Structure formats: C-alpha cells, structure tokens
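What follows is each chain in one-letter form.
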Amino acid sequence: MIETIFFEEEIYEHPTTERIRRALPRAGWVPIDRYQELFNKRHQNFKLQKKNPALILAKKHDNFVLPVPSGFGMDSHKSFYFSHMYNCLYDCKYCFLQGMYSSANFVLFVNYEDFFTSISEKIDKYNGKTLTFFSGYDCDSLAFDKLSGFADEALNFFSDFPNTELELRTKSIAISSLLQRRALSNCIVAFSLSPAEIAKSLDSKAPSISRRISAIKQLAGAGWKIGLRFDPLIYTSDWKELYSALFADIMNGLDPERIHSISYGPLRFPKKMYKKAASLHTEHKLFAFPMEETNGVVSYGTKIETQMHDFLKSELNNYISENKIFQCTI
Amino acid sequence: MSEFTDVENNTELQFKFCWVTALRAEATPLIDAFNMKIVENKSLFPIYANEEKGHALVISGIGSIKSAAAATFLKNHLKINDHSAWINFGIAGFFKGPIGDIYQANKVVSKESGAAFFPGLRLSKLIPAAILFTVSKPENGYKEKVLYDMEAAGFCEMAPSFSCNELTYVIKIVSDTPSASSSLITKHLVRELIEKQLSKISDILAEIEILVEEEKKRLSIPNEVIEFEKRFKFTETNKYKFREIYRKWKIAFPSKRLDLSEFLNSQPKEIILRLEKEVLLNAEDWNAL
Ligand code: SF4
C-alpha cells in the first residue's frame, strides 16, 4: 500500500486530491513545488524504488493529448493518446516505462478536467471525423482506478461524445466502476494478454491470465466492447501451442460480436531501453535471447517476427473477421 | 554494464554501510556498537571502519559542505563500492518532543539554496518520517514542523552519486525542541540518546542490508569474467560485448563454467564469437520461461 504521498501544494485542495486523502488516511503527506523535482532526480534506482513506490500528486500543465506514433493505431482515422498517470502498479519485465523514466514512483495528474477540455478541443477541431483516444500509454488505465477514480470521470465525459472512441488499455481486473454503469458504446476496454505461463514469468504483480479472461467475459456479458491486445508477442519453443490455447480460452463462451478489435505486436525495444531493462533484470531469460539490432531497434528479428505474424493472423481468423485484426508495429 | 551473479568465490570484503556524522559524540556510540577501528586520523576527516562487519564511518564536522566533502573523502579513501548504503546520522532539532525520538528524513531542504532532496526508500514500518531543513546557523526558533540540522543537504547532494538515491539515508535523533533547549546538549546526552535507539538502528540496518545485497548481486562481476579480462586485452567495446554475451551465455547454460584453458590461444573477438555461436544454437529450441 502507498505510504508516502508527495503533493504539489497547488493541488492540495483539488477534489481528486481530497478523494485520495480520504482513501489513504494513514499515508504521510509531503509538500513539493513541482513533481519533476522528485521524479526527474538523477541517480534514482528504478528497481529498488519499485519495491515501495511513493505516489506523487501533480498538476499537468500542457501536452494533455498527443497524436499516437504511426504503427500504433487501428486504422487510418485520427488517433490520440493521453496519460493521466506515469508509471504502473505492475512490474512487467518488458515494460518500456522502466527504460523511459528514472523513477518508479507513480505520478497522478489530478486535473482530469484539463485533459477533458483538451480532448473536447480536438473533437471540435476534427468536427465530424471519428477520433479515437487511447488511455494507458504511460500507465495502466484501470490498475489504479480504485484510488484515482479516473475511469468513471472519463466515461462520464465520453458519454457526451458518442462518435468519439475511448480505449482503456489494461491488465487490471479492477472493473467494478465499469460494471456499475451501462456499457458505453464508444468505449473499448482493451486487455493485454499473453499465454498464462509467459505472463506468470513476465507480468510481475499483474493479475493472472485466467482472472483477466474472466474480467473480459464479465465486461462482454455486461455489453462492453472488448479489445484483445497480444503485445508484445513472446517467443518460446512451444509458442504456437501456447498462443493457440490462449485464443481458445479467451474465445470459449465469448460472443465474437463483443470484440471490437484484436491487435498484436512484436517484442521490440529501442537499443537504449533494451540495455536499461536488461541491466534491471540481469537474470531473466527474456534478456538472454540473442536478439537482433537493426537501426537502433532490438527485436527477435524478421524471421521470427514474420513466423509469429503469419501464425497469429491465420489463427485469429478462425475466431474473428479479418477486418478486426491489426498488427501494431512500434 | 556489470550485472552478474556468479560471485560465490569473490572473497573481497566490502562495506555495506557508510556512516557520515558531524560530531564525534554522534560517532562514538556507532563506533563502539559496530566495533570500528580508526583507519585514518591524519586528515581533516577521521575514518573508522570494521571491514568484517561491513561498516565504515567518517566524522565530517559541522556544516553542509563538510558533510559532502567528508562523504567524498570516505568514498575515495576506502574505495567504497557502488552498492553500499550511505547514512547521514546524528542529532537534530525538532518542533516537538520528546527528545530521543528517531526519524527518517523523507525530504531534505537546504534553507540556503532552496534545493530539495528525497533520500532513501521509506522505512515506515520501522521508523516515522519527517521533513528536514538544513540550516547554516543553529535554529532555536523551531518555527516549522520539521527537523533541523546543519549537514544533511550537503550529504544528499553528493551521496546518491556514490550508489543511488535509494541507498542514501538521513536518520536523525531529536536532541532539542522548544521545551528542551540546544544549550542543554552534552556529549553524554548525545551518547545516551543514541544508545537508547541502537536496537532500532539494528532493525533499520537489517532492512537496508536487503537492498544492499540486491544491488550487490545485480552489479557484481563474476570471477570468470574478471579472469578473462585480466588474461586477454579487451578493447572497451569488446569488453562490453564480452560481458553482455557472457551474461546471456550464463543464463542459457547456468551450470557450465567458462574454462580459460580452452581459450589460451584465442583473440578476444574469437571468445566473443564462440559464446555468441553457443547462445545462438541454444536459441533454436528456446525456452523463454
Ligand atoms: S501493465 Fe503495462 S504499463 Fe504496467 S508494468 Fe505492465 S507493461 Fe508496463
């Protein structure tokens, strides 16, 4: 549980701060000026910090909503991402956050209203076009939701814009705020999944695959649109059997109509990020594979990536029409 | 990159805890408790150590700059490794009593420069936390609800670069408050206050030691690698490549040892290539779990 909360004094009275104060009455509260003075300090040790991260409550001032990098989105229409939080409760070995930030502390930007204003401006600007907004780029969308209450506020906001999609990307089973309300037709709850054995080894602190699948089925049963994200794909000798079994488990009893989209993506790291992640998990087999490096990107290499791509595409076609399947290439 | 684990034969003694105290009176109870002996008394900063128990200590004198300088002196003098914990320990003023209470500083502010530091992982199960102001003149007003000292900010400026911020700690025992004037502090009182907290200090050290060991394991270079690097002239680039491929090779073949006699007539590049080949062959039937 969170023991220490650093807060920017400017947002001490903010309703989100108040909500967290009520939820964590025993935590120690420490005032700061700006979150960067703590979050961006040099000589932090991500791995040790991950043992007992603090929560930093901050106000975001700019860059609320950004265009997604090419290769990320589902198709041609305009897509954006936003991050109301930096860092994650979970500790996946391949997570790019560990290479991106020097701190493992959680930063929660409490001024959700400014994110929504910025999203409204985008909607106005692209009037008439279908836009998609991805949440959970620098965090997990739902893992912290019991504390942050973000999903509920985001869903309230997006319920006024039925032509604009919101994707909540998650590994969490904290879905109660979703189940307590009517499913929103423009919200996709997208779960990241791997075969159970792989997730057990790599997705530290995240809910097991069986619990994630059960959450998917509950949400689908309640009318929510589901996204399935097999990203990153992990190579191991029996990967075909493992992924086939995973697809079968997920689809067993799940109405394919409830599936909005499926995407998959290869395991890839920018070189610097790979080095950092490998130095944090020196003994993990994920970082012992003889990866290839091309143009500063470390990957399994074209041969394995193509094999996995071809297999996934044909295997997933057994369950769902091709136009709902996408490859993510970043 | 020096992140290996095969270190069972590495008998080199290493310091786990590096203490920086301002006053001799603060140092003495620690020197006694951990059976440290003087190793340097000719310089401005006396150093005490007990290699076997893993403790080293430097007495800095009063002031932020001295604290930073003494920590640096200790680091260089004993060639302290980069997985040791650094602890600024001593007495401090506080806005409330009782004297003798022990705190971990979770935020240290230099009143002179305004710089803020956030040392250490929180040890809240063991010790309460407080904000600490480092002042340049003794504080007798206790105007804010914080601890007051004269060293921690200087220490925090420097010590995280020796290992990391999560292995840098500021631990203070309350010696004076609005109702217990600093003019009453004596050597005897300091000793008494610290000795009363020695068992708590042991608990804290046990917790920090877990982190130290974890970092040690992550950063250690296996003896096999050291042997090879001594025997062959690796360029910096090849050294990096060798360590990286060795790491992968060792994970792939945990029970194998890299036998020097098999490579006696080899060039560094050939050693790297041979390991790469073995790792690649192994990957054909790769088990990622
Ligand atoms: S759930 Fe996502 S954001 Fe969280 S640690 Fe795993 S990969 Fe990173």
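The rules we used
Residues numbered from 1 in each chain as written. Chains lettered and ligands numbered in written order. Predicted model: local features only at pLDDT ≥ 70, side-chain atom pairs only at ≥ 80, totals over all residues. Heavy atoms only, no water. Near = heavy atom within 4 Å. Nonpolar A, V, L, I, M, F, W, Y, C, P; charged D, E, K, R; others polar. Contact = heavy atoms within 4.5 Å. Buried area = accessible area lost by both parts, 1.4 Å probe. Salt bridge = Lys/Arg side-chain N within 4 Å of Asp/Glu carboxyl O. Polar contact = N/O pair within 3.5 Å; in protein donor to acceptor, adjacent residues only side chain to side chain. Helix = DSSP H or I, 4+ residues; strand = E, 2+ residues; numbered from the N terminus. Buried < 20%, exposed > 50% of the residue type's maximum accessible area, 1.4 Å probe, protein only. Pairing = 2+ DSSP bridges. Domains from an automatic or database assignment. Axes fitted to C-alpha atoms, helices over the stretch in contact; angles between N-to-C directions. Phe/Tyr/Trp six-rings, centres within 6.5 Å; stacked < 30°, edge-to-face > 60°. Lys NZ or Arg CZ within 6 Å of the ring centre and 35° of its normal. Expected span 1.5 Å × (residues − 1). Arc of directions from axis to C-beta.

**Brief notes about the site of the ligand**
Phase 1 of the analysis: Contacts to the ligand come from C88(A), Y90(A), D91(A), C92(A), Y94(A), C95(A), L97(A), C139(A), D140(A) and K171(A).
Phase 2 of the analysis: Taken together, the residues of the shell around the ligand sort by class into seven nonpolar, no polar and three charged.

**Let's talk about the interface of chain B and chain A**
Phase 1 of the analysis: Chain B puts 38 residues into the contact, and the matching count from chain A is 38 residues.
Phase 2 of the analysis: Counting each side, the surface lost to burial between chain B and chain A is near 3500 Å², with a carbon and sulfur contribution of 60%.
Phase 3 of the analysis: On the chain B side of the interface with chain A, the three residues burying the most area are F118(B), W286(B) and L289(B), jointly 20% of the side's total.
Phase 4 of the analysis: On inspection of chain B and its partner chain A, the count reaches three salt bridges.
Phase 5 of the analysis: A salt bridge links K125(B) to E3(A), with the shortest nitrogen-to-oxygen separation between them at 3.5 Å.
Phase 6 of the analysis: On inspection of chain B and its partner chain A, the count reaches 20 residue pairs in polar contact (both at pLDDT 80 or more).
Phase 7 of the analysis: Looking at the side of chain B that touches chain A, the elements that each hand over two or more residues are β6 (102-110), β7 (116-117), α5 (198-219), α7 (236-252) and α8 (268-283) of chain B.
Phase 8 of the analysis: Split into classes, the residues belonging to the side of chain B that touches chain A amount to 18 nonpolar, six polar and 14 charged.

**Comments concerning the pairing of strand β1 (residues 17-21) of chain B**
Residues and elements named next belong to chain B.
Phase 1 of the analysis: For β1, a buried count of five out of five residues is recorded, marking the element as mostly surrounded by other parts of the structure.
Phase 2 of the analysis: Burial of the side chains of β1 extends over both faces: F17, W19 and T21 are buried on one face and C18 and V20 on the other.
Phase 3 of the analysis: Here β1 runs beside strand β4 (residues 55-59); their pairing, made up of five bridges, is parallel. Counterpart to C18 in the pairing with β4 is A56.
Phase 4 of the analysis: In the sheet, β1 pairs with strand β5 (residues 85-94) via four bridges, with the strands oriented parallel. What sits directly across from F17, in β5, is A85.

**A look at the domain arrangement of chain B**
Phase 1 of the analysis: In terms of domains, chain B is made up of domain 1 (7-219) and domain 2 (223-283).
Phase 2 of the analysis: Between the C-alpha centres of domain 1 of chain B and domain 2 of chain B the distance comes to 41 Å.

**Let's talk about the pairing of strand β9 (residues 131-135) of chain A**
All names here are of chain A.
Phase 1 of the analysis: Where burial is concerned, most of β9 is hidden: five out of the five residues are buried.
Phase 2 of the analysis: Every second residue of β9 is oriented toward a common face, with L131, F133 and S135 on one face and T132 and F134 on the other, all of them buried.
Phase 3 of the analysis: Sheet analysis places strand β5 (residues 79-82) next to β9, joined by four bridges and oriented parallel. Paired with F80 across the strands is F133, a residue of β9.
Phase 4 of the analysis: Of the strand pairs in this sheet, β9 and strand β10 (residues 164-170) are connected by five bridges, and their pairing is parallel. Within β10, the residue paired with F134 across the bridge is E167.

**Some words on the sheet that holds strand β17 (residues 297-299) of chain A**
Residue and element names in this part refer to chain A.
Phase 1 of the analysis: Across the sheet, three strands lie side by side as β15-β17-β16; this open sheet has antiparallel pairing. Each edge of the open sheet is held by one strand with a lone partner, namely β15 (268-270) and β16 (292-294). Taken pair by pair, the neighbouring strands of this sheet meet at an average axis angle of 30 degrees, ignoring direction.
Phase 2 of the analysis: When β16 meets β17, the two strands line up antiparallel, connected through three bridges. Across the sheet, the residue bridging to E292 is S299, located in β17.

**Quick look at the pattern of salt bridges**
All names here are of chain B.
Phase 1 of the analysis: Within the structure shown, the criterion is met by 26 salt bridges over all chains.
Phase 2 of the analysis: With a shortest N-O distance of 3.4 Å, E224 and R257 are connected by a salt bridge. Within this pair, whereas E224 is found in helix α6 (residues 223-231), its partner R257 is found in the loop between α7 and α8, the two being separated by 33 residues in sequence.
Phase 3 of the analysis: Between K256 and E278 there is a salt bridge; the shortest N-O distance is 3.3 Å. In this pair, K256 is assigned in the loop between α7 and α8 and E278 in helix α8, connecting sequence segments 22 residues apart.
Phase 4 of the analysis: Assessed through its relative accessible area of 38%, K256 is described here as partly exposed.
Phase 5 of the analysis: Sharing partners across several salt bridges, the network here consists of K256, E262, R274 and E278.

**Let's talk about the packing of aromatic side chains**
Residue and element names in this part refer to chain B.
Phase 1 of the analysis: One pass over the structure, following the stated rule, counts 51 aromatic pairs over all chains.
Phase 2 of the analysis: With a centroid separation of 6.4 Å and an interplanar angle of 50 degrees, the aromatic rings of F242 and Y246 are classed as tilted. Here F242 and its partner Y246 are both found in helix α7, four residues apart, which amounts to about one turn of the helix. For the residue pair F242 and Y246, the accessibility class agrees, reading buried in each case.
Phase 3 of the analysis: Lying across the ring of F232, R231 places its NZ or CZ 5.2 Å from the centre.

**What to know about helix α10 (residues 209-221) of chain A**
Residue and element names in this part refer to chain A.
Phase 1 of the analysis: If you check α10, its first and last C-alpha atoms are 18 Å apart, about what 13 residues at 1.5 Å a residue would give, namely 18 Å.
Phase 2 of the analysis: Of all the positions in α10, only I209, R212, I213, A215, I216, L219 and A220 are classed as buried. The buried residues of α10 occupy an angular sector of 155 degrees when the element is viewed end-on, so they sit on one face. Within α10, the exposed residues directed more than 90 degrees away from the buried face are S210 and G221.
Phase 3 of the analysis: Buried-residue contacts for α10 involve α8 (176-179), β11 (187-192), α9 (196-202), β12 (203-204), β13 (225-233) and α11 (239-251).
Phase 4 of the analysis: Count one or two residues on from α10 and you reach G223, which has phi positive near 95 degrees.

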